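# Architecture at a glance
If you want the building blocks of each chain, they are given just below.
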Amino acid sequence: MLPNRRHLQCRFANCKHRDEPGCAVRRAAEQGKLSLRRLHSYLSLLETLETERR
Ligand SMILES: [Zn+2]
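I will try to describe carefully the structure that is included in this document.

About the criteria used
- Residues numbered from 1 in each chain as written.
- Predicted model: local features only at pLDDT ≥ 70, side-chain atom pairs only at ≥ 80, totals over all residues.
- Helix = DSSP H or I, 4+ residues; strand = E, 2+ residues; numbered from the N terminus.
- Buried ≥ 20, exposed ≤ 12 C-beta atoms within 10 Å, placed from the backbone.
- Expected span 1.5 Å × (residues − 1).

### Thoughts on the overall build of the protein
Helix and strand counts for the protein stand at two helices and zero strands. Scored against the burial criterion, the 54 residues of the protein give a buried share of 11%.

### Some remarks on unusual backbone geometry
The phi dihedral of His-17 falls on the positive side, at around 60 degrees, and the residue is not glycine. As for its position among the elements, His-17 is in the segment before helix H1 (24-30). Judged by the 20 C-beta atoms lying within 10 Å of it, His-17 falls in the buried class.

### Structural notes on helix H2 (residues 36-53)
The terminal C-alpha atoms of H2 lie 26 Å apart, and with 18 residues this matches the ideal 26 Å at 1.5 Å per residue to within 8%. Within H2, only zero of the 18 residues are buried, leaving the element largely exposed.

Right, here's the structure in full:
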């Protein structure tokens, strides 16, 4: 998934990494530390997990 996820500490524990301010994942993507492709696949994976939980 995210190889350096340990270093991606978002401001909110329940961060969805979408529009949250202070999101470390989005910031990493903007700085080129995380590829947008990887970010999008990670987000869609989160969405899948949330859907299956319901
Ligand atoms: Zn985040």
